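# Remarks on the overall topology
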Amino acid sequence: MRKKAWFSLLLATLRLIVFGQARLPIQWVTHFKTLPKTTGDIIFLANSITDGGEWDELFGLRPKPSLIPMPRQVEWKDGLFPAYRCRVIEIQSDKLKAEGNYLQKALAEKGIHAQIDTGGGKGPVIQLVLGKVPAPAPADEAYHLSTDRHQITITAGTPHGVFNGIQTLLQLLRDNVAIDACDIMDWPAFPWRGYMVDVGRNFQSVGLLKQQIDKMALYKLDVFHLHLTEDIAWRLTIKKYPQLTQPKNMLRDEGAAYSENDIREIMAYCRARHITFVPEIDMPGHSGAFRRCFSVDMQSDSGMAILKNILKEVLETYHFDYLHIGGDEVKISNPGFLSQMVRFIGQYGTKTIGWSPGGNLPKESMHQLWSAKETLDDPIQYIDSRHLYLNHMDPLESVVTIFDRQLDNVQQGDASHIGAEICLWNDRAVDKEEDLLRMNPVYPAMLAFAERSWRGGGEPGWTAVAGVPGSAKVEAFSEFETRLLDQQKESFEGLPFPYRKQADLVWALYGPYNNYGDLSKQFAPEQKGVDNLAPALKASGGTIILRHWWYPLVHGVLADPKENTTWYAATRLWSDEDKTEAFWIGFNNLSRSYSTDPPPVDHWDDKGSAIWVNGKLVSPPLWKHAGKKGNLEMALVDEGYEYRKPTLIPMRKGWNTVLVKLPVGGFVGEDWNNPVKWMFTFLQDGTGNTGIFGLNCPL
């Protein structure tokens, strides 16, 4: 029997079992002397027969696991490890008890119940070993994972390295049944791979923070930075000054704060996952809650005395390794403030971190970069967060720009360039805490950042462009995107994940046409179509940014964008039948940190942008806040394509033509809250039978 026939038989049998029909097909009796006893037996047998090559038919995944970050060295071998029959986790050192317990619990959640042993286990076994791994220095996090039909061995020089290997093992275990035989050697490019959450402005429950920490661990991020204090609210309970967290001193989420038990619980949760916990008490800026409570400025003598009492309590209670002290976006009226606080904190054995550019931060503090204005000075340790604020990014843009990014301006870390952090600064109020993950590309961007911060590399400069269609750059991005989407299916079911496949979507762009300030002016693509026009350029992606609002720091598809011009973009979509499809459509992805005005009534944006499918104009949504002035206390509800209902568009059988009009006037917005965003998004929402092809594809 051919492999395909075998697999079809096994799939049919598996479906019978899964959907509740207990009787097995008669073919099993014909071809097997011993019937498989469990669904695991069936899946394992199917995978053995097909070498995993048909698993896309069942799960929609690639034949081999889509690992993120991709290990440095991977060699796939023949055979499978029957994980569903594994009953022993063998640890060869007491130093690995915590890692053994972690793996035991993770396997139990997948239906695999294994006991921890110190050696001599029978049957399929997973071994955790402390030993030398031949990896470039520093090798603290390096690991070697080897899998065959009988055992899995994870070897590392430290428990952290073993833990990293466990995360790769869990990603290899896609179906909770079998693991492909392989040999993996792996190590990170940067030791500091962080994620920052601002809970001062919008409180997040401990449960939601734990959810994000779990995803950090799975993708080998190892620093959790919690911004606890803000103008809006002080969220860290202080016993000496309980009034700091009283509702009357908060402007949002009144009364929501973290108790000592909460902080200890978060710290322990991080520690069990080899994640460094970095709290932030912002000083002397972003301290409006402090001023409301004590009626003094932090930089005054009385303010400094109070702050030192707070720091003393915090550092004696928690013994933090690091404390972030902010230090930016404030006028320094007391030149000695930051240096005094750094020395005071240092007495407790805690290292300080501050934002840069900012105040006169001492060089012994680590500098976290947030602006392109800052230059790198080798004697200082740097953490790169420039153009890594997720609250400003379009979801589709975020994965493109972070995947392309060269962190710290270097290929890999060194003593000065230690790594980077993505940051979530949601200045705007939200209706519920889950909206922070729904309205910001936290999880898609986290996976792109995990890949780049672990593997290093990337391209100098900042871009929002996936690349020229057919180029090696687009091919590399497409390969990563496939792995990202596989991970979405495997690890983010039921969780916000604002991303869809975009690398294969090709656009032809026509222009520039001088509109002389008349944004309604029509040109040839709109009047006669594009069939007889030659495009000026082509671009790939679901979000196309013509000119980035931070140009020239961040590049869009136009090398030399001009004011008072109109461009058009066109593509074709194939549909196998007449049907209605759902699409993401947008022309101004609002930052979650600005008081940007909502779109006007009956318009996609304030520039007169438009879109036609098969010659029919696509109407904009009925915006809930249409025409209102932007307000940070007015939560977003439907302004972004990623968190409103998708637009339903009738598609006809065969080719469907999409035309997008993109006029622009000046590049200077009416104020800083309303930057001119010259961009558009058009992308199929979800998966279906519609194939996506560019205009350059043959019919």
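Everything numeric in this text was worked out from a predicted model, so none of it was measured. All residue numbers here refer to positions counted from 1 along the written sequence of the relevant chain. Where totals are concerned, whole chains, interfaces and linings use all residues; where local detail is concerned, this predicted model gives features only for residues with pLDDT of at least 70, and gives and counts side-chain atom pairs only at 80 or more. Hydrogens and water are ignored here; the side-chain numbers use all heavy atoms of the structure.

## A short note on the overall build of the chain
- Secondary structure elements are defined from DSSP: runs of H or I of at least 4 residues count as helices, runs of E of at least 2 residues count as strands, and each element is numbered from the N terminus. Within the chain, the secondary structure is distributed over 16 helices and 28 strands.
- When contacts within the chain are restricted to residue pairs at least 6 apart in sequence, those whose partners lie at least 24 apart make up 78%.
- Using a 1.4 Å probe, accessible areas were evaluated by the Shrake-Rupley method; residue-level cover was limited to the displayed protein chains. A total of about 28,100 Å² of accessible surface is found on the chain, and carbon and sulfur atoms cover 51% of it. Two residues form a contact once any of their heavy atoms are found within 4.5 Å.

## Focus: the side chain of Gln204
- Within the secondary structure layout, Gln204 lies in the loop between β8 (192–198) and α7 (206–218).
- Given a relative accessible area of 1%, Gln204 falls into the buried group.
- Distance and chemistry together define a polar contact, namely a pair of N or O atoms within 3.5 Å, with one atom able to donate a hydrogen and the other to accept it when in protein, and with adjacent residues in sequence counting only for side-chain atoms on both sides. A polar atom in the side chain of Gln204 sits 2.7 Å from the side chain of Gln212. The buried label goes to any residue with under 20% of its type's maximum accessible area, the exposed label to any with over 50%, and the partly exposed label to all in between, with areas taken from a 1.4 Å probe on protein chains only.

## Quick notes on the nonpolar core
- Nonpolar cores are built from buried Ala, Val, Leu, Ile, Met, Phe, Trp, Tyr and Cys residues. Side-chain atoms within 4.5 Å join them into one set. The biggest cluster of nonpolar side chains holds 155 residues, and the ones touching the most others in it are Phe224 and Phe682.
- At nine residues, helix α14 (residues 442–455) tops the list of elements feeding residues into this core.
- Beyond its immediate chain neighbours, meaning those up to four positions away, Phe224 contacts Tyr195, Val197, Leu209, Ile213, Met216, Ile266, Cys270, Ile275, Thr276, Phe277 and Val278.
- Grouped together as the second largest cluster of nonpolar side chains are nine residues, Ala508, Val530, Ala610 and Trp612 included.

## Points about empty space enclosed by the protein
- Here the term cavity refers to a set of points on a 1 Å grid, laid over the protein atoms alone, in which a 1.4 Å probe fits but cannot get out; the term pocket refers to an open set having protein on both sides within 12 Å along at least five of seven lines, with lining residues being those that place an atom within 4 Å of a point. Grid points are joined across faces, edges and corners, and a volume is the space filled by probe spheres set on the points. Tallied over the entire structure, the rule returns three cavities of 30 Å³ or more.
- In this structure, the second largest cavity encloses a volume near 50 Å³.
- Lining of the second largest cavity is provided by Leu396, Glu397, Val400, Ala464, Ala466, Gln502, Ser540, Gly541, Thr543 and Ile545.
- For the lining of the second largest cavity, the elements supplying multiple residues, two or more each, are α12 (395–404) and β19 (543–547).
- Looking at the lining of the second largest cavity, the element that brings in the most residues is α12, giving three residues.
- Asp, Glu, Lys and Arg are counted as charged, while Ala, Val, Leu, Ile, Met, Phe, Trp, Tyr, Cys and Pro are counted as nonpolar; the rest, among them Gly, fall into the polar class. Class assignment of the residues belonging to the lining of the second largest cavity gives a composition of five nonpolar, four polar and one charged.

## Some thoughts on the sheet that holds β19
- A sheet is described by the order of its strands in space; here four strands give the open sequence β19-β27-β22-β25, paired in antiparallel fashion. Each edge of the sheet is formed by a strand with only one pairing partner; in this case those strands are β19 and β25 (647–651). Across the sheet, the mean angle from the axis of one strand to that of its neighbour is 25 degrees, orientation sign disregarded.
- Here strand β22 (residues 579–586) runs beside β25; their pairing, made up of five bridges, is antiparallel. Residue Glu581 lies in a different strand from β25, and its bridge partner there is Ile649. Think of it this way: DSSP has to see at least two bridges between two strands before they count as a pair. Lines fitted to C-alpha atoms define the axes, with helix axes restricted to the stretch in contact, and inter-axis angles between N-to-C directions lie between 0 and 180 degrees.

## Thoughts on the pairing of strand β5 (residues 143–147)
- Going residue by residue along β5, you find Tyr143, Leu145 and Thr147 tucked away on one face and His144 and Ser146 left uncovered on the opposite face.
- The sheet contact formed by β5 and strand β6 (residues 151–156) spans five bridges and is antiparallel. Bridge pairing in β6 links Leu145 to Ile154.
- Joining the antiparallel neighbours β5 and β6 is a turn of three residues.
- One ladder, built from five bridges, connects β5 with strand β7 (residues 178–186); its direction is antiparallel. Its bridge partner being in β7, Thr147 is matched across the sheet by Cys182.

## A look at the pattern of salt bridges
- Salt bridges are defined as contacts in which a side-chain nitrogen from Lys or Arg sits within 4 Å of a carboxyl oxygen from Asp or Glu. If you walk through the whole model with that rule in mind, you get 30 salt bridges.
- Salt-bridge contacts for Asp435 lead to Arg438; the nearest nitrogen and oxygen are separated by 3.0 Å. Of this pair, Asp435 and Arg438 both sit in helix α13 (residues 435–438), three residues apart, which is roughly one turn of the helix.
- The shortest N-O distance in the salt bridge between Asp504 and Lys501 comes to 3.4 Å.

## With respect to the environment of Lys607
- Structurally, Lys607 is set in the loop between β22 and β23 (610–613).
- Spatially, the C-alpha atom of Lys607 lies 9.6 Å from that of Lys677, the residues being 70 residues apart in sequence.

## Observations regarding the confidence of the model for the chain
- Summing up the model confidence of the chain, the mean pLDDT is 90 and the portion of residues at 70 or higher is 88%.
- What pLDDT expresses is the predictor's confidence in each residue, scored from 0 to 100. Segment residues 18–36 is flagged for pLDDT under 50; beyond a separation of four residues in sequence, or across chains, it makes 21 contacts in the model.
- Every residue in residues 687–691 scores below 50 in pLDDT, and together they form ten contacts with partners more than four places removed in sequence or on other chains.

## Describing unusual backbone geometry
- Cis geometry marks the peptide bond from Ile68 to Pro69; its omega dihedral reads -5 degrees.
- On the secondary structure map, Pro69 appears in the loop between α4 (55–59) and β1 (73–82).
- Residue Pro512 is reached from Gly511 by a cis peptide bond, and omega for that bond is 0 degrees.
- You can see Pro512 is positioned in strand β17 (residues 506–514).
- Here the phi dihedral of Ser295 falls at roughly 60 degrees; this positive angle occurs in a residue that is not glycine.

## So, the sheet that holds strand β3 (residues 115–117)
- A sheet is described by the order of its strands in space; here seven strands give the open sequence β1-β7-β5-β6-β4-β2-β3, paired in mixed fashion. Each having just a single partner strand, β1 and β3 make up the two edges of the open sheet. The sheet shows a mean angle of 20 degrees between the axes of neighbouring strands, direction not considered.
- In the sheet, β1 pairs with β7 via seven bridges, with the strands oriented antiparallel. Looking across to β7, one finds that Glu75 is bridged to Asp183.
- Together, β1, β4 (125–130), β5, β6 and β7 form the strand contacts of helix α6 (residues 159–172), whose direction differs from that of β5 by roughly 40 degrees.

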